[in-house]
Amino acid sequence: MKSESEFVGNVSIVGHGFEYAGRVSNEIKKILLEQGIPEGIVRRVAVVIFEVEVNIISYAETGFIRYQVLPDSIIIEAKDKGQGIADIELAQQEGYSTADDKIREMGFGAGMGLANIKKFSDVFEINSEVGKGTYVKSIINIDKKRS
Ligand SMILES: Nc1ncnc2c1ncn2[C@@H]1O[C@H](COP(=O)(O)OP(=O)(O)O)[C@@H](O)[C@H]1O
Ligand SMILES: [Mg+2]
């Protein structure tokens, strides 16, 4: 990747499409590796995207994920129209989940998604409005010395 280059991707996601869970994160992972982004960074970005992807599928009607590759960081934003989150602090606690049996049967709903996004992000932001939707922003720095 040329150091000055920058690119943006935008993927829309339909709620309840569990058969597609992981597809977006896998695609973006491939693209970033092809662009020469260090593997350790790509792994963190893939976790963040996977978790927001599964959350949109699980708890929203529609949404999109936008990622922006800058010379020194990758910005991931996920925005959905859906049920929203009543208690954002609680939702970020490890193990807290409102996932129903259907979601759990498919192997999701361990309550680690937001906690992991936070852990893997250098900057993490979440906003939500009940009955409207949720916005998550994650910035992962590309530290060329460490990765
Ligand atoms: N996009 C979203 N829309 C509505 N609720 C959400 C969203 N993302 C997370 N939540 C709420 O926060 C809780 C914790 O999310 P997360 O940490 O990803 O764990 P899990 O998805 O396994 O339950 C979810 O159970 C859900 O109640
Ligand atoms: Mg989740």
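Calculation criteria
- Residues numbered from 1 in each chain as written.
- Chains lettered and ligands numbered in written order.
- Predicted model: local features only at pLDDT ≥ 70, side-chain atom pairs only at ≥ 80, totals over all residues.
- Heavy atoms only, no water.
- Salt bridge = Lys/Arg side-chain N within 4 Å of Asp/Glu carboxyl O.
- Helix = DSSP H or I, 4+ residues; strand = E, 2+ residues; numbered from the N terminus.
- Buried < 20%, exposed > 50% of the residue type's maximum accessible area, 1.4 Å probe, protein only.
- Axes fitted to C-alpha atoms, helices over the stretch in contact; angles between N-to-C directions.
- Parallel < 35°, antiparallel > 145°, perpendicular 65-115°, else oblique.
- Left-handed = near helix turned anticlockwise from the far one by under 90°.
- Contact = heavy atoms within 4.5 Å.
- Nonpolar A, V, L, I, M, F, W, Y, C, P; charged D, E, K, R; others polar.
- Pairing = 2+ DSSP bridges.
- Near = heavy atom within 4 Å.
- Polar contact = N/O pair within 3.5 Å; in protein donor to acceptor, adjacent residues only side chain to side chain.
- Areas by Shrake-Rupley, 256 points an atom, 1.4 Å probe, with all protein chains shown as cover.

K.L.:
Please provide a residue-by-residue account of the pattern of salt bridges, values included.
P.N.:
Within the structure shown, the criterion is met by five salt bridges. Between E27 and K30 there is a salt bridge; the shortest N-O distance is 3.4 Å. With E27 and K30 both in helix 1 (residues 23–34) and three residues apart, the pair spans about one turn of that helix. Under the relative-accessibility criterion, E27 is labelled partly exposed at 40%.

K.L.:
Can you tell me about the packing of helix 2 (residues 39–59) against helix 5 (residues 113–120), naming the residues and giving the values?
P.N.:
Axis separation between helix 2 and helix 5 bottoms out at 9 Å; the angle between their running directions is 155°. Judged by the inter-axis angle, helix 2 sits roughly antiparallel to helix 5. Relative to helix 5, helix 2 is oriented so that their crossing is left-handed. In this structure, helix 2 contributes R44, V47, V48, E51, V52 and N55 to the contact, and helix 5 contributes G113, L114, N116, I117 and F120. Along the lines of polarity and charge, the residues of the contact of helix 2 with helix 5 split into six nonpolar, three polar and two charged.

K.L.:
Tell me about the sheet that holds strand 3 (residues 73–82), residues and numbers included.
P.N.:
Strand order in the open sheet formed by five strands is 1-2-3-5-4, and the pairing between neighbours is antiparallel. With one partner strand each, in any of the chains shown, strand 1 (7–14) and strand 4 (123–129) form the two edges of the open sheet. Ignoring which end each strand starts from, the neighbouring axes of this sheet average 10° apart. Two strands pair when backbone bridges link them, and strand 3 and strand 5 (residues 133–141) are joined in this way by nine bridges, in the antiparallel orientation. Within strand 5, the position partnered with I75 by the bridge is I139. Running at roughly 165° to strand 2 (residues 60–69), helix 2 makes contact with strand 1, strand 2, strand 3 and strand 5 of the sheet.

K.L.:
I'd like to hear about unusual backbone geometry, residue by residue, with values.
P.N.:
Backbone geometry places H16, a non-glycine residue, at a positive phi of 70°. The residue H16 is located in the loop between strand 1 and helix 1 in this model. On the basis of relative accessibility, which here comes to 45%, the residue H16 falls in the partly exposed class.

K.L.:
Describe the site of ligand 1, naming the residues involved and giving the relevant values.
P.N.:
Taken together, 18 residues lie near ligand 1, and Y59, S97, T98, G111 and L114 sit nearest. One nitrogen or oxygen atom from the side chain of D80 is found 2.8 Å from a nitrogen atom belonging to ligand 1. In the model, an oxygen atom of ligand 1 is placed 3.1 Å from a nitrogen or oxygen of the A110 main chain. Contact with the protein chains covers 95% of the free accessible surface of ligand 1, which is 530 Å². Broken down by secondary-structure element, the contributors of at least two residues to the shell around ligand 1 are helix 2 and helix 5.

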